[in-house]
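Residue-level listing of the chains:
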Amino acid sequence: MALSSPVACRPLTLLVVVVCAAALLRTVAGVAVDCSSLPSGFYCLSPSAYLWCYGQSQGAAGSCASPLVCKCGLTTENPCGWQTSTITPCYGAPGDYINTNGQTTKPLPIDDPSTDSSSAPAPSQPLYVLNRTNHLPLVIKLSPSSWRTQLSTLMAQAFYDDPNLYTPASSGYQCSFHPPPSYDHNPTQMWIARPEATTTISFTPDVTIRLPDKYAGLFLAYAMDQYGLNPSMLLGLAAKESFMPVIFNENDNSYFIVNDAKAHYDCYSATKEGLCTDLNKDGPFQVETGGMSSDVSSIAYRFYAGSLGTPKASRTPRYLTDNEFMTMPGFRAFHDSYTLDMPRAVVLTALDFHFRHNILLSMKRIGLYDALARRTTRASKDSLEFATAMYAYNRGVFDTQITTMLAGCTPTADPVTCGLDGYGGHTANIRDACLLLDLAPSSQLYDYGVTLADVNYFLDKLESTYPYDSVSGFHPSIDWAEIRADATEAFGLLQAYRKQRHPTGDSTPVISFRYDWRALLSVVRMRLPPREYLVGPSVQNYVNFWGNQLAPTLGPYVSPASFPVSFCSLPGGEVNLCSGNTETTDPCIANPLSDVCVTQCVRSAAACHTAMGSCLIASTAASQCACYTPYCACLQSACGAAFGAAQKLALSSCSSCAL
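Residues numbered from 1 in each chain as written. Predicted model: local features only at pLDDT ≥ 70, side-chain atom pairs only at ≥ 80, totals over all residues. Heavy atoms only, no water.

Colleague: In this structure, what is going on with the packing of helix H3 (residues 231-242) against helix H11 (residues 426-438)? I would like to understand it.
Modeller: Helix-helix packing is characterised by the crossing angle of the two axes and by the distance between the axes. Taken N-terminus to C-terminus, the directions of H3 and H11 make an angle of 130°; their axes are 8 Å apart at the nearest point. Overall, the two elements H3 and H11 adopt an arrangement that is oblique. The way H3 lies across H11 gives a crossing that is right-handed. Residues Ser232, Met233, Leu235, Gly236, Leu237, Ala239, Lys240 and Glu241 of H3 form the contact with H11, whose own contacting residues are His426, Asn429, Ile430, Ala433, Cys434, Leu437 and Asp438. (Axes fitted to C-alpha atoms, helices over the stretch in contact; angles between N-to-C directions. Helix = DSSP H or I, 4+ residues; strand = E, 2+ residues; numbered from the N terminus. Parallel < 35°, antiparallel > 145°, perpendicular 65-115°, else oblique. Left-handed = near helix turned anticlockwise from the far one by under 90°. Contact = heavy atoms within 4.5 Å.)

Colleague: Which parts of the structure should I look at to understand the confidence of the model for the protein?
Modeller: Where the model shows low pLDDT, its predicted coordinates should not be examined in detail. In this model, the protein carries a mean pLDDT of 83, and residues with pLDDT of at least 70 account for 79%. The low-confidence segment residues 589-596 (pLDDT under 50) makes 19 contacts with residues lying over four places distant or belonging to another chain. In the predicted structure, residues 648-659 sits below a pLDDT of 50 and forms 25 contacts with residues beyond four places in sequence or in another chain. (pLDDT = per-residue confidence, 0-100.)

Colleague: Quick question: what am I supposed to make of the packing of helix H12 (residues 452-464) against helix H14 (residues 517-525) here?
Modeller: Direction vectors running N to C along H12 and H14 enclose 45°, while the axes themselves pass 13 Å from each other. Between H12 and H14, the crossing angle belongs to the class labelled oblique. In this structure, the crossing between H12 and H14 has a hand that is right-handed. Contacts from Val455, Phe458, Leu459 and Leu462 in H12 reach Trp517, Leu520, Leu521 and Val524 in H14. Split into classes, the residues belonging to the contact of H12 with H14 amount to 8 nonpolar, no polar and no charged. (Nonpolar A, V, L, I, M, F, W, Y, C, P; charged D, E, K, R; others polar.)

Colleague: Is there a simple way to think about the state of the cysteines in this case?
Modeller: Cysteine pairs can be linked by a disulfide, which is a covalent bond between their two sulfur atoms. Taken as a whole and assessed by the stated rule, the structure comprises 7 disulfides. Put simply, Cys72 and Cys90 are joined by a disulfide, and their sulfur atoms are 2.1 Å apart. Negative torsions about the S-S bond denote left-handed disulfides, and the value of about -115° found for Cys72 with Cys90 makes this one left-handed. With Cys72 in the loop between strand E6 (69-70) and strand E7 (80-81) and Cys90 in the loop between E7 and strand E8 (129-130), this pair connects stretches of sequence that are 18 residues apart. For Cys72, a relative accessible area of 1% gives the class buried. The partly exposed category is assigned to Cys90, whose relative accessible area is 37%. (Disulfide = S-S within 2.5 Å. Buried < 20%, exposed > 50% of the residue type's maximum accessible area, 1.4 Å probe, protein only.)

Colleague: Looking at this structure, I do not really get empty space enclosed by the protein. What am I missing?
Modeller: Under the definition given, this model contains 8 cavities of 30 Å³ or more. Lining the largest cavity are 15 residues, and of these Pro137, Leu138, Pro179, Tyr183 and Asp184 lie nearest its centre. Of the residues in the lining of the largest cavity, the class split is 10 nonpolar, 1 polar and 4 charged. Lining of the second largest cavity is provided by Thr133, Leu136, Phe177, Tyr227, Leu229, Phe353, His354, His357, Asn358 and Arg531. Per-element tally for the lining of the second largest cavity: the top contributor is helix H7 (residues 342-362), with 4 residues. Residues of the lining of the second largest cavity, tallied by class, amount to 5 nonpolar, 4 polar and 1 charged. (1 Å grid on protein atoms, 1.4 Å probe; cavity = no way out; pocket = protein on both sides within 12 Å on 5 of 7 lines; lining within 4 Å. Points joined across faces, edges and corners; volume = space filled by probe spheres on them.)

Colleague: Even after reading the chapter, I still don't get the pattern of salt bridges, so can you show me in this structure?
Modeller: Counted under the stated rule, the structure contains 24 salt bridges. Two residues, Glu574 and Arg132, come together in a salt bridge whose shortest N-O distance is 3.0 Å. With Glu574 in the loop between strand E16 (568-569) and helix H16 (587-590) and Arg132 in the loop between E8 and strand E9 (139-140), this residue pair connects regions lying 442 residues apart in the sequence. On the basis of relative accessible area, Glu574 is assigned to the partly exposed category, the value being 28%. As a salt-bridge pair, Asp336 and Arg332 come within 3.0 Å of each other at their nearest N and O atoms. Here Asp336 pairs with Arg332, and both are found in helix H6 (residues 331-339), just 4 residues apart, close to one helical turn. Owing to a relative accessible area of 35%, Arg332 belongs among the partly exposed residues under this scheme. The structure contains a network of salt bridges with shared partners spanning Asp161, Arg498, Arg501 and Asp516. (Salt bridge = Lys/Arg side-chain N within 4 Å of Asp/Glu carboxyl O.)

Colleague: Explain the pairing of strand E11 (residues 204-209) to me, please; I cannot follow it from the model alone.
Modeller: The two faces of the sheet receive side chains in turn, since in a regular strand these alternate between them. Inspection of the sheet shows strand E10 (residues 199-201) paired to E11 by 2 bridges, in the antiparallel sense. Counted as the bridge partner of Thr199 is Val207 from E11. Taking the residues that link successive antiparallel strands as the turn, the E10-E11 hairpin has 2 residues, and the phi of Ser202 there is positive, at about 50°. One ladder, built from 3 bridges, connects E11 with strand E12 (residues 246-248); its direction is antiparallel. (Pairing = 2+ DSSP bridges.)

Colleague: How should the sheet that holds E10 be read in this particular structure?
Modeller: Strand order in the open sheet formed by 3 strands is E10-E11-E12, with antiparallel pairing between adjacent strands. For this open sheet the edge positions go to E10 and E12, each flanked by a neighbour on one side alone. Averaged over all adjacent pairs, the angle separating strand axes in this sheet is 65°, with direction ignored.

Colleague: Explanation requested: unusual backbone geometry in the structure shown.
Modeller: What you tend to see is this: most non-glycine residues have negative phi, and most peptide bonds are trans. For Phe243, which is not glycine, the phi torsion reads 60° and is therefore positive. Positionally, Phe243 belongs in the loop between H3 and E12. One non-glycine residue, Lys281, lies in the positive phi region at around 60°. Relative to the helices and strands, Lys281 is located in the loop between E12 and helix H4 (289-298).

Colleague: Would you mind going over the environment of Asn358 with me for this structure?
Modeller: Structurally, Asn358 can be placed in helix H7. Counting along the chain gives 227 residues from Asn358 to Asn131, while the straight-line C-alpha distance between them is 8.5 Å. Other than its neighbours up to four places away in sequence, Asn358 contacts Asn131, Arg132, Thr133 and Leu534.

Colleague: I would appreciate a short explanation of the pairing of strand E4 (residues 49-53) in the present structure.
Modeller: Of all the 5 residues making up E4, 4 are buried; the element is thus mostly covered by neighbouring parts of the structure. With 4 bridges connecting them, strand E3 (residues 41-44) and E4 associate as antiparallel partners. Across the sheet, Tyr43 pairs through a bridge with Leu51, a residue of E4. The loop that links E3 with its antiparallel partner E4 comprises 4 residues. Strand direction decides the pairing type here: E4 and strand E5 (residues 60-63), joined by 4 bridges, are antiparallel. Across the sheet, the residue bridging to Leu51 is Ala61, located in E5.

The structure is reproduced here in structure tokens:
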């Protein structure tokens, strides 16, 4: 939330039209409505207006932007939809339960729709999975069997220690969602500026940007190499939302915002340094409960809201809707366990952007794919993708105004002037902070010592954000003991190199944040699960809302042929693209026999089922088995490697196909 602007605020949740937290209401058209006595959900008062009740006495009023309409008397899903769309569940018509006068006109449904929160689906239940976008940069991809040799190869490269590898962003650059072009051929160095210049953020002049503490830099590097996010963009977002990395230039008297280089930054301390303000306890990036519920619902196998006493090996993800998660008892405390913890807050926001970026690029109707295609330069494409992502972060992925803005944004226009600014100069302020960082000279880049204790702290925090031992269909068991052993060994190799090349006289062994941290991080990432797929009922709701038409998949930002070493992947990627392989966007290619993929295969082969049904109807009982031969051939074509397991799920005992 922008601190100095009374009109700047994040959406309360991912809705078409939202209201600021300050606009929570007790009344509808002046008539009191006590939401505490009503089931949680969205009550359409008319075809355009609704009241959101979420377990508190106060509800939130909102409206649907034309051409969308409010369709249901009560629903737990987004209440605004196209005239031809279907919302499930949907109870009654607008005004049936609460009308514009605040009156209840019909008895409420006997079953409270907000309580329908079953556990994880059984293996035989279909589970919607959205393929991932490949429109990402390239990063180092080490192999568990040869990482020591590969690490030595990296350290021997001329670029590894070259201070001249960095160049400030060029003319025409207007910030980017992904790392700027200077990173295209930089596999190992970490560039976060400590600028001497100042800027204005939310009408507050003469401020500058600093890392709050040294640990924040470690997690910004993880966000970059696991999800392809520009660290300057993330710091700019935090500057706009909470002023977390912001300090008055005249008060800048230490390397970080904290005075003690070993201290952890605390925004909530009475003696805190800097300008951080978080009255709502939504963290440095102001991830509110509504926004987080969408993250948890869309990437359920990266979050666990159950009892921490349950061993990781006994946990299973719950694939629920965002509103089901948000109305769960204890969700606010679960939210706070991320937002009030700086490292976990960075990971949460990386996952949030991963979710939004995939929706924006996947759904053709949104218009980002077509708008990018109309632009001819890297800078203009980067600027548009950045502004679109910032707008979606500020206004949500259901805001239909984005389609008009993208359609009307000419190839050379500034996306901010096309309307992609959000509330209170949101995108413009983030861009100003981002440019302050990405335009800084090499002499103003952070470089500090990282100790083995810092590495272990990083791993402890990172492990806490991977709450499952393994997840069927998505990743096998994560061996954290092996990750720690590899990281310790890699630290020793890097520290020996650093001590030999750049002796500091410090009695505590350290590696360089600027030159070594990403290399060590690549050893950690080597055994982590790949970047996540969007999965579950909320994801299907988003896809249905935007018309089900997927955009073509855009490829990597950089050709693997131009990458400076022969081992690379997309951020969080599974395969080495620099050895001639290709990255798949389909989880069922990597693990075709998982429960998720088998059921997805059977569901997606709709034409096979239709033809099979017609054959059975037209056949006699004695000849029905002959229908299975073409059915099996159809399934084999549709499902590929999942075919054998799909048969077991879909075919009857009289099948003539070999199992």
